[in-house]
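Topology and contacts: notes
As a plain string of letters, each chain reads:
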Amino acid sequence: MKKAIVLLLALALIGGAVFAQDAAYTLTGEASLTWGYDLNSENHGFTNAATASLEFPLVAADSATAGEEAITGYIAIEDFELGVSGTDDEFALDGSTGSVTAKILFPSALYLQIASAPDFEINNAKSFAPWVADEFDDDNGLVAPDLSPNGGFSFGMDGDFSFAVKVASSNAHDASDDEQANEYMVGMDFGYKLGEIANISGSLLYGNLGADANDFGFGAKVTSTPIEALDLAVGFDLDMAMATATTTGFDAMFTADYALADLVSFGAGAYYGKADASADASRLDAKARMGLLAVENLTFEAGVDLWDLLADPANNPMLVLIGGKASYKAMLSDATYIKPYAEGGYELNDEVAALSVGLEAVLFPMVTFTVDYTAGELATDDVTGGTNMGDDDKGVFTFVTTIAY
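As a starting point, this report considers the structure included with it. (Residues numbered from 1 in each chain as written. Predicted model: local features only at pLDDT ≥ 70, side-chain atom pairs only at ≥ 80, totals over all residues. Heavy atoms only, no water.)

Our focus in this paragraph is a nonpolar patch on the surface. Side chains of I227, Y258, L260, F266, M290, L292, V295, F300 and Y328 sit close together on the surface and give an oily, nonpolar patch of about 730 Å² of accessible area. Among the secondary structure elements, those contributing two or more residues to the nonpolar patch are β17 (246–260) and β19 (283–292). Examined against the element boundaries, V295 turns out to sit in the loop between β19 and β20 (298–307). By relative accessible area, V295 is classed as partly exposed at 38%. (Patch = residues over 30% accessible without salt bridge, like charges linked within 9 Å, V, L, I, M, F, W, Y side chains within 5 Å. Areas by Shrake-Rupley, 256 points an atom, 1.4 Å probe, with all protein chains shown as cover. Salt bridge = Lys/Arg side-chain N within 4 Å of Asp/Glu carboxyl O. Helix = DSSP H or I, 4+ residues; strand = E, 2+ residues; numbered from the N terminus. Buried < 20%, exposed > 50% of the residue type's maximum accessible area, 1.4 Å probe, protein only.)

Further remarks concern the layout of surface pockets. Using a probe with the size of a water molecule, rolled over the atoms, empty space left in the structure can be pinpointed. Its volume calculated, the largest pocket comes out at about 170 Å³. Along the walls of the largest pocket sit 15 residues, with S265, R289, M290, G291 and E301 positioned nearest its centre. Contributing elements (two or more residues each) for the lining of the largest pocket: β18 (264–274), β19 and β20. When residues in the lining of the largest pocket are grouped by element, the largest group, 5 residues, is from β19. Of the residues assigned to the lining of the largest pocket, the class counts are 7 nonpolar, 4 polar and 4 charged. (1 Å grid on protein atoms, 1.4 Å probe; cavity = no way out; pocket = protein on both sides within 12 Å on 5 of 7 lines; lining within 4 Å. Points joined across faces, edges and corners; volume = space filled by probe spheres on them. Nonpolar A, V, L, I, M, F, W, Y, C, P; charged D, E, K, R; others polar.)

By the element assignment, E55 lies in strand β2 (residues 44–57). The spacing of E55 and E81 is 26 residues in sequence and 6.7 Å in space, taken between C-alpha atoms. Other than its neighbours up to four places away in sequence, E55 contacts Y25, T26, E81, L82 and G83. (Contact = heavy atoms within 4.5 Å.)

Locating D393 in the fold gives a position in the loop between β25 (367–375) and β26 (396–404). Leave out the neighbours within four places in its chain, and D393 touches N40, A375, G376, T387 and N388.

Moving on: the packing of aromatic side chains. Considering all chains together, one arrives at 8 aromatic pairs under this definition. Within the aromatic cluster, the residues linked to one another by ring pairs are F155, F161 and F163. (Phe/Tyr/Trp six-rings, centres within 6.5 Å; stacked < 30°, edge-to-face > 60°.)

Moving on, we get to unusual backbone geometry. A cis amide bond, omega 0 degrees, links A115 with the succeeding residue S116. Its place among the elements puts S116 in the loop between β8 (110–115) and β9 (120–121). Going from G207 to N208, the amide bond is cis rather than trans, its omega being -5 degrees. Counting through the fold element by element, N208 comes out in strand β14 (residues 198–209). The backbone of N297 sits at a positive phi, close to 70 degrees, despite the residue not being glycine. Checked against the element boundaries, N297 lands in the loop between β19 and β20. For N297, a relative accessible area of 35% puts it in the partly exposed group. Unlike most non-glycine residues, E351 shows phi in positive territory, near 55 degrees.

Right, let's get into the pairing of strand β1 (residues 26–38). As judged from the 12 bridges shared by β1 and β2, these two strands associate in the antiparallel manner. Directly across from E30, in β2, lies its bridge partner T51. In sequence, β1 turns back onto β2 through a hairpin of 5 residues, with E42 there showing a positive phi of about 65 degrees. Direction of pairing for β1 relative to β26: antiparallel, over a ladder of 9 bridges. In the strand pairing of β26, L33 is matched with T401. (Pairing = 2+ DSSP bridges.)

Before going further, it helps to spend a moment on a negative patch on the surface. Taken together, the side chains of E55, D79, E81 and D94 present a region of like negative charge at the surface. The residue D94 is located in strand β6 (residues 91–96) in this model. For D94, a relative accessible area of 33% puts it in the partly exposed group. (Lys, Arg positive; Asp, Glu negative; His and termini not counted. Charge placed at Lys NZ, Arg CZ, Asp CG, Glu CD.)

Consecutive side chains along a regular strand alternate between the two faces of the sheet. Both β19 and β20 contribute to a ladder of 7 bridges, which runs antiparallel. Across the sheet, the residue bridging to K287 is D305, located in β20. Connecting the antiparallel pair β19 and β20 is a turn made up of 5 residues, with N297 showing a positive phi of about 70 degrees. Pairing between β20 and strand β21 (residues 319–328): 10 bridges, direction antiparallel. When the bridges of β21 are listed, W307 appears paired with L319.

Right, here's the structure in full:
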């Protein structure tokens, strides 16, 4: 094992020198000692942990490209990496497979892309994450038309106005399964950039051609900064069953975020989704956020989430989640500091509260001390549920010493 690690180190240095334009390798490591006390079980004790990672690029981190003639082949190789990572007693190889983009380039920014295969997924309207939630599916949304290609190509154009016409098949010609569907799908992406003011993008898909029932999906999104420090976004997705010419799903979202002269920030948003147009169930969520920007090294945010406002029968009490977090990083020197923090929330419907408070301190280089008390757990995607601090969860106290490079 030791010989293998030495060999990999040598390969990292040689490979980095040959292929990388920047750093030949990246070496990181972290070790921690934790003492904790669980007020629920009254268990307490120490835990040791250590991780290490060595990474080096097989090509330059940005890209390796070729092709500059008026009509020419073009290939770009990006982000291939190989590394060694490990914990206290185990090491393993890991890395990034990177990506290969291959095109035939034509005049007027036109291209024919043969690699990689185009995707056929649309998800412009996404429900937002609950405030101070422990977990959340970033792709959460009631409507997200999606087809699964085996391979295909796209023909398009780059620039302020862009488009890509996509064609793909559901399987390969040499598939071993004689019952392959031999179906095809088509789609189109488009975009338009209005200077620094707005970006418009959209996608549509249709497939599978040759199937008994076909789906049509369409979605679009607009992001805009009409004035400085104001960011707006609106998006929607539509999914339609072509056999019955009925809309099976629709959702839309809107967000607005504004920072007032580096003093305070405000944010608001709403999400509406109806996964099945023939059913009564639909969902409406809303959020509001506020943050303090005026004090250097101070983080303060507060938020309110209103969930499933169209529930029938109505939620009583409503699904309301209130949360906030604050921290202050007091610099002792250029490299040392202490940072007290607190984060918590309360979910009205289930009367669930959660709290995390602590202190992080770097008193000398590479060493971080963290004292933390956490009790309760807020719910995740659906807001409801969770564990209430207090009698249900008395909390866990930890003291962690971490050395990192």
